[in-house]
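So the chains spell out like this:
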Amino acid sequence: MRALRLLAPLALLPMLASCSALLDVDTGRLDRADGASAVDLPTVPDVPVSDAPTGDIPVAMDAGPDATPLDAGGDGATPDLPVVDTPTTDTPTDVPVGDAPPDDAGDPCGGCDDEIACTTDVCDRATGRCVFTPSNALCPAMNVCDVEARGCVRVDCRSDADCDDGDRCDGAETCSMGRCVAGTPVRCDDGVACTVDRCDPMTGACSAPTDDARCDDGVFCNGAEVCTPTGCRAGAPVACDDRVSCTTDRCDEEMRRCVSTPNPCACPARGPCVSVACDATRGCVYAAVAGYCDSFCVTGATCNVDSGNCEGGGTPRSCSDGNACTVDTCDPTAMMCRNTAVDADMDGFAAARVGSTMCASGDDCDDSDPSVSPRAMEVCNGVDDNCNGAIDEGGVCGVPGDDCTRVVTLDLTSVTTLTVAGTTATARNDFDTVCGGSGPDVVYALRYPTNAEVVIEVAGSGGADHTLSLRDTCGGAEFVCNGDATRSTRDPRVFLRATPGSGATRTSYVVVDSPSAGGAFQLRASRTAAVPPASCNTNPMVNVTAGGTVWGYVYTNGGNHSSTCGGFNRDEDVLRFDAPRGGRTAVNLLLATSNYVVYARQDQCGGIGSDSVVCGGALATVVANLNPGPAWFFVDGANGSSGGRYILRVMPP
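Residues numbered from 1 in each chain as written. Predicted model: local features only at pLDDT ≥ 70, side-chain atom pairs only at ≥ 80, totals over all residues. Heavy atoms only, no water.

### Considering the packing of aromatic side chains
Next up, step 1: Taken as a whole, this structure holds four aromatic pairs when the rule is applied.
Next up, step 2: Pairing Phe479 with Trp551 gives two aromatic rings, centres 4.9 Å apart and planes at 50°, and the pair type is tilted. Within this pair, whereas Phe479 is found in strand 31 (residues 478–482), its partner Trp551 is found in strand 35 (residues 548–554), the two being separated by 72 residues in sequence. Across the pair, Trp551 and Phe479 agree in class, each one buried.
Next up, step 3: For the ring pair Tyr599 and Phe634, a centre distance of 5.0 Å and an interplane angle of 10° mean the geometry is stacked. With Tyr599 in strand 38 (residues 596–602) and Phe634 in strand 41 (residues 629–637), this pair connects stretches of sequence that are 35 residues apart. Phe634 shares its class with Tyr599; the two are buried.
Next up, step 4: Taking the ring centre of Tyr286 as reference, the NZ or CZ of Arg270 above it sits at 3.5 Å. (Phe/Tyr/Trp six-rings, centres within 6.5 Å; stacked < 30°, edge-to-face > 60°. Helix = DSSP H or I, 4+ residues; strand = E, 2+ residues; numbered from the N terminus. Buried < 20%, exposed > 50% of the residue type's maximum accessible area, 1.4 Å probe, protein only. Lys NZ or Arg CZ within 6 Å of the ring centre and 35° of its normal.)

Here you go:
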C-alpha cells in the first residue's frame, strides 16, 4: 500500500498541473500572470511530471504549522482546499522485489534487463512484470539459448538433418535433445572368406567382390588359386612342356617358372656313323661323323645319316666292349676305339646307372639332370642333389622365415591384401616378444605404404596359438605386439595407423611367434586408404571391434574432446567399437604410452568430459562396461603432450 504524502510546498502541484505553461521546468520558478515577480518553488525530488495529479482537483497537504497559504489567484485570499484521498495500489505478494514497478510513468516495470544476451526483455504493462523470452535466433549456428547457463550453449544438432553424415552404411542418424544419436549400421557379410564385403555409402547397398589374393597359398607350381562367390577354388598345376622331345621339363618352385634341360639320351639311337645332340629349340640333331665310313673305323663306305650306318660296301670296325656303362666309338683320326663312361647330361660326371645296369665307375645318380652331381649343393627340393644317398639333408629345408637368413618378403605396396600359409612347428625360437611368445617363430619382411591403414592378423589352425610382433629391423627391438597365450580363441591383430603427411614405403619385420609348441597358421595383411583422425563425423573410423593392438598417431589438430581424467581439448585420435547384443560387454583398454589418457563414450561420440563411460591414464588397464551398440575410444593428449605415436591394446571378451 502506497499513499501520496508530500511536503507542504508540493501542495501546489495539483493546481499547477493545469497551468503547465507557466512552469519553467528549467528554473523551477512560477511566473505570475500579472507580471509580478516570480515565486520560487521548492525542488520536488524524484516525482515525475506524469505522476502529478492533473486537472483542477485540489490536493490536501500537510504544510506544517508555520506554512503560509498560497495566493494562487493573486488576490491575497487563501483558498480552502478540500482533502482528496489518493487511491493506493496493493503490490502483489508473488512479485519479486526486483520486479516491482518503480515510480516511472513511462515503464511501470522500471526497466527490464536480465543481462542474458540471448533473451528478449520486455515489460508487460498489464501486470507490471518483466518478461524474459529465450531466443535461439540470437545465438550463433549450432547453439541454443540456455537461461540456466546464462547464455548460448553449443549443441550437436537442432534437427535430424544436422546429424546426417551422408553415409547410408552406418544407419540413419537422429537428433535427440541436441545430441546426435548414431543409427544402426548396415551389416555386409556373405559368409565367404575370400570376398571383400563392402557397403556403398551413397545407397547403403552391400556388395562382395571377389579377391583372388585371399586364396593364394604362396605355392607357384600348383597353379593360381581363384576366389569364386562360393569360396576359394584350387588352380590347375603348372604344365611344363616346351614341346621339344629331348628336353626334361619341370616346374622349379624356387625360380617360380618352368625349366627345360636338354637330354641327348632322349633322342632315338642311330648307327655309329652318326652323332646326336639335343638342341633346346630344334630337338634331336643328327650329323655324320666325318671320315667314319672311309677310314680306320670303316673303309669303302659312306654314312647314311637316317640309319646311322655306313653304306656302299664298307666294313665298320667294331669297338664294343660289351659294357652298357660306356659309350663305344671309333676315332678315325686317332685310328683307335674309345670306350668312355656314359655322361648323358655332360656335367662331367659318369652315370652311376644306365638302364638297369649299375656302373661301378659312375657317381652321377641322375645322369639326365646336369644340376644333380657329386659337386652340386643340396637344396630343399625333395631330390638327392649331391648324390650322397640322402635327400634334403643338412637342414636345407628349414621353415621359410625360420630366421633372418630365410626371411620371406611380402609386398603390400601393389596389392590391397596378402595371405600366406605357414607353420612354426619345425622352426626354432629366434625372437623374444613381450606378448607371450616363448616358442618357435618365423619372420616376414612386410613392405607397405605409410599413408595407408594396415591391418596384420594371424589365425592358427588345429588349436595352435600365436602372437604377432613387429620391429624395424629383423633382429631389432620390438615396437608393437599383440597376442594372449590364455585366449586361443582370439586371433592376434595389429593396426598400423597411417602416418600423417607421409607417402613413403616402410618395411616392418613381422614375427609370428608361439607361446609354447608351434603349429600351422595363416597370416593376412591388408591395407585401406588413410582414415582422417580425431573427428566424430569421420566415416568410416578405424574399427577395433575384433580387438588388437593399435599403433596409432595423436595428431596436432587443436583437439575437440576432453575427459574427466585429462585431455582438456588437446590432440586426440578416435577409434570405433561395436558392442554386441545380448547384455553388457566388458572391454579392457591398456594404453602403453605415457603423457596420454584413454577414455570411452557411448550414445554419442561428441560431448563433454563428464560424458565418458570410463577414463584412465597410461600403463593401467581400464575396463569399459558397454551396452549393446556403437562406442568410441579416445586416445587424448595430456600434460602438455603434442602429436605423436601411441600404443593402445583393445581386449574384448
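Additional details are given in the paragraphs that follow.
### A closer look at the sheet that holds strand 26 (residues 408–411)
Next up, step 1: If you trace the five strands from one edge of the open sheet to the other, you get 26-28-33-30-31, paired in mixed fashion. Strands with a single pairing partner mark the edges of an open sheet, and in this sheet they are strand 26 and strand 31. Strand-to-strand, the axes of this sheet are offset by a mean angle of 25°, without reference to chain direction.
Next up, step 2: Sheet topology note: the strand 30 (residues 467–471)/strand 31 ladder contains four bridges and is antiparallel. (Pairing = 2+ DSSP bridges. Axes fitted to C-alpha atoms, helices over the stretch in contact; angles between N-to-C directions.)

### Observations concerning the layout of surface pockets
Next up, step 1: As a volume, the second largest pocket reaches approximately 1,000 Å³.
Next up, step 2: As for the second largest pocket, its lining consists of 43 residues, of which Cys265, Val276, Val327, Asp328 and Val342 are closest to the centre.
Next up, step 3: Where the lining of the second largest pocket is concerned, the elements lending two or more residues are strand 16 (274–279), strand 22 (326–331), strand 23 (336–341) and strand 24 (353–354).
Next up, step 4: The leading source of residues in the lining of the second largest pocket is strand 22, at six residues.
Next up, step 5: Across the lining of the second largest pocket, the residue classes tally to 25 nonpolar, eight polar and 10 charged. (1 Å grid on protein atoms, 1.4 Å probe; cavity = no way out; pocket = protein on both sides within 12 Å on 5 of 7 lines; lining within 4 Å. Points joined across faces, edges and corners; volume = space filled by probe spheres on them. Nonpolar A, V, L, I, M, F, W, Y, C, P; charged D, E, K, R; others polar.)

### Some details on the environment of Cys481
Next up, step 1: Position of Cys481 relative to the elements: it lies in strand 31.
Next up, step 2: C-alpha of Cys481 to C-alpha of Cys435: the two residues are 46 residues apart in sequence and 6.1 Å apart in space.
Next up, step 3: In this view, Cys481 contacts Thr433, Val434, Cys435, Leu468, Ser469, Val494 and Thr549; residues no more than four positions away in its chain are not counted. (Contact = heavy atoms within 4.5 Å.)

### Re the pattern of salt bridges
Next up, step 1: Tallying each qualifying case throughout the model produces 19 salt bridges.
Next up, step 2: Residue Asp164 is joined to Arg168 by a salt bridge in which the shortest nitrogen-to-oxygen separation is 3.6 Å.
Next up, step 3: Across the pair Asp331 and Arg338 runs a salt bridge, and its minimum N-O distance is 2.8 Å.
Next up, step 4: The partly exposed category is assigned to Arg338, whose relative accessible area is 35%. (Salt bridge = Lys/Arg side-chain N within 4 Å of Asp/Glu carboxyl O.)

### Quick word on the pairing of strand 31
Next up, step 1: Counting buried residues in strand 31 gives four out of five residues, a clear majority hidden from the surface.
Next up, step 2: Where strand 30 folds back on strand 31, the antiparallel hairpin that results is connected by six residues.

### A short note on the state of the cysteines
Next up, step 1: For the coordinates displayed, the defined rule picks out 23 disulfides.
Next up, step 2: Linked covalently through their sulfurs, Cys118 and Cys145 form a disulfide whose S-S length is 2.0 Å. Here the S-S torsion is close to 70°, and the disulfide linking Cys118 with Cys145 is therefore right-handed. Linking Cys118 in the loop between strand 3 (39–40) and strand 4 (119–124) with Cys145 in strand 6 (residues 143–146), this pair joins segments that are 27 residues apart in sequence.
Next up, step 3: Its relative accessible area of 1% is what places Cys118 among the buried residues.
Next up, step 4: The exposure class of Cys145 is buried, given its relative accessible area of 12%.
Next up, step 5: Across the disulfide, Cys267 is cross-linked to Cys284 (sulfur-sulfur distance 2.0 Å). Here Cys267 and Cys284 share a disulfide; its torsion about the S-S bond, -100°, makes the bridge left-handed. Here Cys267, found in the loop between strand 15 (257–262) and strand 16, pairs with Cys284, found in strand 17 (residues 283–288); they are 17 residues apart in sequence, far enough to count as distant. (Disulfide = S-S within 2.5 Å.)

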